[in-house]
Amino acid sequence: SATDTPTPRDALGAHTRARHTRKHTMFARTASVGAPSRATAHAKAIRANSQGTSRGGSNARAQAVRVVRARARAREGSSASEWGVRCGARGKRGVCARAGGRQTLKELRPDLYARAPWDPMRDGDRRLESEEANTPFPSELPGLTRGTSARETYDLVIVGCGPAGLSAADEASRRGLRVALMDPTPLAPWMNNYGVWCDEFKALGFDDCYRAVWNKARVIIDETDVEGKMLDRAYAQVDRKKFKQKLMARCMKQGVEFGISTVESCDHSDPTFSVVTLGDGRKVHAKMVLDATGHARKLVDFDRDFTPGYQAAFGIFATVEKHDFPLDTMLFMDWRDEHLSPKFKEQNDKLPTFLYAMPFSDTEVFLEETSLVARPSLEFDDLKIKLKERLEHLGVKVTAVHEEEYCLIPMGGVLPKFPQRTLGIGGTAGMVHPSTGFMVAKTMLCVRALVSTLDDALKAGVRGDITDALIAAEEGQSDNGTFDATTTAATIWSKLWPEDDLRMRTFMCFGMETLMQLDVNGTRQFFDTFFDLPKDVWAGFLSWRIQPAGLVRLGVQLFVLFSNYMRITFVSSALPFMGSFFANFATADNKFDSNKWGGLVLKDKTKKNLSALAAAGIGPIPAPVGNPTAKPITSSPVDFEKIISNEKLSTSPKDIKPEGLKDDREWIAFQQRKVFADQKPIKEYLGALTSGEKVDVLVVGAGPAGLAIAAETAKRGLSVGLIAPDTPFVNNYGVWLDEFQKLGLEDCLLHKYEDALVWFDDSDPASGQALNRPYGQVCRKRLRNHLLTECASVGVKYLPGLVDFVRHGEENTDELAEVRGTIIRDDDEDNKPIDEANVKGDQFTLNSRLVVCGTGHNRDMLSYEQGSPPGWQTAYGVEIRVPNHPFPVNKAIFMDFRQSDPEAGGEEQQGGVWRVPSFLYVLPVSKDVVFVEETCLVARVQVPFDELKRRLYRRMARMGVDFTEDDVLEIEASWIPLGGTAPVAPQRTIAYGAAAGMVHPASGYSVVNSLTKAPRVAEAMVQGLKEGGEREAARRAWDILWGAEPRRQIGFYQFGMELLMSLRIEQMRNFFGTFFSLPPHLARGFLGNRLSSSELILFALTTFAIGNNELRGLLLAHLVSRGGSGLRLGQAYAYPLLPKDESGLDVLQVDRLSRAQERSTYKMMKDFYESQRGGNIPGYMGRDWWSIPSTSRSSKDGDNDNTGDAGGGGSTSGSSTMSASSSQDAADLVGAMKIDGSSQGAVTFWSNGSAAMVVTNAVRKTGLRQGELFGDNRRKFLPSAFISQAPNVVPPHLTGSLPGDIGWDPLALGAQADIQRYRARELINGRWAMLAVIGVLVPEFLGHNNIFGSPDQHWWNTAIVNDPIDGFQLTYMGETIPWGLFWLPIIHLPLFFVAEALRVGAFELEAFKDLDKLYPGGRLFDPLGLADGQTEEDLAILKTIEIQHARLAMVATFVFILEGLAGKGPYDIF
């Protein structure tokens, strides 16, 4: 503000006082004309002696400095009017638009822009002509002529033909070493632009390789100082072509040989030489191997994770209409951000970027938006948009973009492990400046030290002391004894990284980590101070030329010159890394820890991720590798030329036309007709089953489940026949390694992965989160071969055919089941899938005692209960060949929820539309082949395969995985129905596998479950046949599959499935983030169908306990949803109490061809195309898309979670896009991907996140009104007719103002004391009583039904028992429970105490002092938000409902206590 701005006189006065109160050393800053400015000394005095710590104080001091500088310049010759204009231009911070009157630097200092005799392309201290730099590249490179054996080794093999590798080859060959350089494209142009300080490059002898030179550089700190700081140090852009031509010409002249190939590995087993294996199979022997692969780091080893920061920059070499950059000055840093739009301004506040500009002429300029360092790096698309906004603000109009640069430089991080046999140079050896990103000059200096040391060692050729041995060395290049490669490598590494350089790098890493913690103001103030240091200090720091003592001096000077605000900010930012810094600086170690406080601080999952904020959904997705710079980056999704032409960015997934979609029936047919030549026909394994034969068991279906049950049944002595088309296993199966090992099937795995990775959102690290559980990919051929071999060994016979008719024999007769169908001829099997209407072949008839249906998802041989339709898991995957793909080959990617498209926004979001979540699933096959799959975990309707394909291809493009259709080795289109209604159990046809509902409803896993249960089901059938016949065998088999315990388990899993179908992407991320945080035995047991029904309750309670409030609300709302999920879960757990229905055993005949088919994919696709005609987006869910059938069955039993107006929409008239005729068709369709826009049902909770909607519905269902519960006319404990005859029966102190006041107080307690205090006690005790009732009835119910505990145990039976084997155990109702639960009440009691103390006001805290003592609300006391958004009338009704339930609960608790004294429980009366 104006009052904070000191006058020049005030500033000079402050300066004068400072000189008398404090001794200090000042450093003059170079002015724009090259002369020292006295204003800088004045400014430093003010800054050094200022005591203010507020940001406002800092701004005031800065303003004073600038005023003093202006006065000094005025004294030095500027006119008074220019001085006044300059002060006025700087006096008010944040004036943005030129139209508003602010003058540009060109207008303020025209002398800087005078087109003086300076041409960046020709002027400067350099050599203009050089024969080597202008020597064209050779048309052919000399190949390898030696290295084929240990007797003719190369002295040095260099891997990588970048600046580091080519410089090393030049220097080594100059010294006479035999050098080979390996690179697949050694003549390819270098992609990155290199900026260098001229004094450094000239000292190296490369001043003939400049493209342009500027005699000074400029740094602009913020908007208040447009002129900025002039750096009196010449800067140049390297001519990449000349630079490479010069080095290449030298190498050619000096005899360097080239291996045009990649390098696969390096073997150092021999102590005197190494063997390098090339990509084409050749082996090359060398004394030493140098890894110069840059940031790819191909060969060097690291003993710790490489966790650098990243400098990211997007630049363009462009032609512009005009620009205001002086031609003799390059813009080193411009930190201004007044031009940014609000969302980018928010990002820049935390992750600042700057402009880096090199003007070549009046119309040609290189412009680059740079993030100095961040972890993770900023996205290139964000940098593009920020550069575009900056150029618009500067008035720079781009007319042509000649080149785009994508620069991603890892900075800091650990150094390679040393010593090691593989040498490193450049980016490979950590020679990037950790605070600036400079590398070229440092690398070329280190090349000389490396080659000189190697040359000495080769000449000495003896083990041990190289220096003494050199005395006797022969002239030139010769061997003088045994060369010790290990000792030589250790010596070279010590020369590359001496102790002083290690200390210097530690200091720089410390500075880098601190810089990453600073916001934009802190960053500006840091560089404002840094470039006011003496030139030799800041230049030495930028150029690796400052020694440890100088670093200490630099740190002290910075701290002295910082303002108090900056001192506090800098120290607080640096403090988390100081321990590691001091330890490594003192010991010259290579173990600087980039984790705050040494990794003792947990990651803040609630912190907003800003590194990819602006272009979310259109920018790149970091690939799951530890090194995102392993491959060159050449593009990003946003087209810069389009955005500078103001073309609107598209973030909508409408890049697929509905008419281009393939019917999903075609995809399913495609999946079924896949042929694998490596899978032999079944008839080559099994003997023939002929028509008319009789067997004990006929198994229909030859998938994993059918073969498993056939083999296990035959092992028990029964004759078994198998009927199925002769088809291969076509689906990819992923399994947990430990589960397959328990089955003894580890040898059936194609690939084993050390771990599985997950990503929940973009804030997760690029390397993902490890689940710490090995994973495996099943080899379809091996598994099928194993199961068929098992069947063959026990005499299973096979008939290729389709079953049409099944009739079971009558009870108590010897009649066998009759199975009829059609034999598939050999010529039919070549036309997959089998078209039943066109199958030609003879009819067969077979007889058996039992029939087992293992036909997978084809369920028309069985009867099923009535109920809701299933959910659908759909996946589209491809196995692709991508050389050196970014996925780690030793790890599977289980779930990657980073989305390929952005969430719906704007009008779509307001209209209730949301995107069906999907995730990426990856199984690497090798380093060049990988299987990638886009999977919709579960949805009401099958998400179209074309939509999943679009998402997958878009995701791969954003991850930088480039492939074409020619690279696709296999395509998979998988659809799996999940949940749905259970089979009628028992029935005479026994089901197994997916046909029996054995697919995990919440995950889709089925193979392991089918293989695991096969022995039990087979044993049950065998024993049943022996002891009771066919009906008993069927009954026992169905009891294992769908008995009481399996029903409870499946009911719980289906509850989870129905919850997942209701979740949006953020809610699903929240759920799985919590799920994978559960104790491993719970999470793994849930995925593996291994948790008992009682353990599943513990699973639910643990999830509820560790989840956040949003997840708790989702679980509770889903439990009470109108769709009936909670009701069905309760029915599953109450199954033992329900009457048993075995009428299914009486159904003896099934005619598969004549019975109604299950709802087909065709009908689902018809529903989908209706949505297309309505203009909806594939893969999105909305109120007018994939409408819900309004049949009576769906309304009664379906868990659609949206039973409002049938057309959807928020109005009473509805807003469905379907016509009346199509609405009738929709009644027959499966589907439920629609959000209800009305206020009915719990689905509103999912659509707008408000639990209050659910509560409001509950209130309205009571039919109560506030006038009926409060006031004189309220309902009382006696009918109104009685009250009118005896008006005094209602005490006068009961006025109807309290909730639950029915006029009952026979002892007149309320008249004798504070009635409000009584009410408080009543309400609090009632709330405890309601909890107690649940805590009594639930365990009593579980014990009464043998689910948890036993009927003779009751709710008070808690004990600690001393088991002879297991020691002391905590038991409840006779069941052992984890000791961890023992601590829950101990932990909760203090929390209850604190909460109660806050509620009643015992602790005076500002946040709680105004809360209602009985109904405090807020996030702490009402975490589910049940009271949010309620009207006063609804709240009054809720209070009345609560006190009435509280009274009932207190009475019930009293009764429970009386029953307990008598040794009885609440259910003992039944």
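Please clarify how a nonpolar patch on the surface should be interpreted in this entry.
A grouping of Phe-1104, Leu-1116, Leu-1119 and Val-1120 is seen on the molecular surface, where their side chains present a nonpolar patch of about 320 Å² in accessible area. Here Val-1120 lies in the loop between helix 33 (1109–1119) and helix 34 (1125–1133). The exposure class of Val-1120 is exposed, given its relative accessible area of 54%.

Just to check I follow, could you spell out the confidence of the model for the chain for this structure?
In regions of low pLDDT, the predicted coordinates are not meant to be interpreted in detail. Across the chain, pLDDT averages 75, with 73% of residues at or above 70. By mean pLDDT, helix 38 (residues 1243–1248) is the weakest element of the chain at 29, and strand 22 (residues 720–723) is the strongest at 96. In the predicted structure, residues 1–102 sits below a pLDDT of 50 and forms 153 contacts with residues beyond four places in sequence or in another chain. In the predicted structure, residues 1155–1254 sits below a pLDDT of 50 and forms 234 contacts with residues beyond four places in sequence or in another chain.

I tried to follow the pattern of salt bridges on my own but got confused; where do I start?
Scanning the model with the defined rule gives 60 salt bridges in all. Notably, a salt bridge pairs Glu-947 with Arg-950, separated by 3.0 Å at the nearest N-O pair. Note that Glu-947 and Arg-950 are positioned in helix 26 (residues 945–958) at a spacing of 3 residues, about one turn of the helix. In this pair, the class of Glu-947 matches that of Arg-950, namely buried. Glu-1322 is the partner of Arg-1319 in a salt bridge, and the nearest nitrogen-oxygen pair spans 3.1 Å. You can see Arg-1319 and its partner Glu-1322 sitting in helix 43 (residues 1315–1344), 3 residues apart, about one turn around the helix. Among the ionic contacts, a cluster of salt bridges with common partners joins Glu-171, Arg-174, Arg-175, Asp-455 and Lys-459.

Can you walk me through the nonpolar core in this structure?
The nonpolar side chains of a soluble globular protein tend to be buried with one another. Ranked by size, the top nonpolar core spans 114 residues in total, and within it Phe-332 and Phe-530 carry the most contacts. The biggest single contributor to this core is helix 12 (residues 440–460), with 10 residues. If we ignore the near neighbours within four places in the chain, the residues touching Phe-332 are Trp-197, Ala-217, Arg-218, Val-219, Leu-231, Tyr-235, Phe-354, Leu-355, Tyr-356, Phe-438 and Phe-531. Core analysis: the second largest hydrophobic core is formed by 79 residues, Ile-709, Leu-718, Leu-1011 and Leu-1145 among them.

Whenever I open this one, the pairing of strand 11 (residues 263–267) confuses me. Can you help?
Where a strand is regular, its side chains alternate between the two sheet faces. Note: strand 11 against strand 12 (residues 274–278), 4 bridges, orientation antiparallel. Bridging from a neighbouring strand, Ser-265 pairs with Thr-277 of strand 12. Taken together, strand 11 and the strand that follows it, strand 12, pair antiparallel across an intervening segment of 6 residues.

Please clarify how the pairing of strand 36 (residues 929–939) should be interpreted in this entry.
For strand 36, the buried fraction is high: 11 of the 11 residues fall into the buried class. Judged from the 9 bridges that link them, strand 32 (residues 871–881) and strand 36 form a sheet pairing that is antiparallel. Counted as the bridge partner of Gly-877 is Glu-933 from strand 36. Both strand 35 (residues 919–924) and strand 36 contribute to a ladder of 6 bridges, which runs antiparallel. Within strand 36, the residue paired with Leu-923 across the bridge is Phe-931.

The rules we used
- Counting of residues starts from 1 at the beginning of each chain's written sequence and follows it residue by residue.
- Reporting of local features is limited, given that this is a predicted model, to residues whose pLDDT is at least 70; pairs of side-chain atoms are given and counted only at 80 or more, and all residues count toward the totals for whole chains, interfaces and linings.
- With hydrogens and water excluded, all non-hydrogen atoms of the structure serve as input to the side-chain values.
- To count toward a patch, a residue needs a relative accessible area above 30% and no salt bridge. Like charges then connect within 9 Å, nonpolar side chains (Val, Leu, Ile, Met, Phe, Trp, Tyr) within 5 Å.
- The Shrake-Rupley method, run with a 1.4 Å probe, gives the accessible areas here. Residue values count only the displayed protein chains as cover.
- Criterion for a salt bridge: a side-chain nitrogen of Lys or Arg within 4 Å of a carboxyl oxygen of Asp or Glu.
- Numbered from the N terminus, helices here are DSSP runs of H or I no shorter than four residues, and strands are runs of E no shorter than two.
- Think of it in three bands: residues with accessible area under 20% of the maximum for their type are buried, residues over 50% are exposed, and the middle band is partly exposed, with areas taken using a 1.4 Å probe on protein chains only.
- The predictor reports its confidence for every residue as pLDDT, a score running from 0 up to 100.
- Only heavy atoms matter for contacts: two residues are in contact if any of them lie within 4.5 Å across the pair.
- By convention a nonpolar core is built from buried Ala, Val, Leu, Ile, Met, Phe, Trp, Tyr and Cys residues, the set being connected through side-chain atoms within 4.5 Å.
- Pairing between strands is defined by DSSP: at least two bridges between them are needed.

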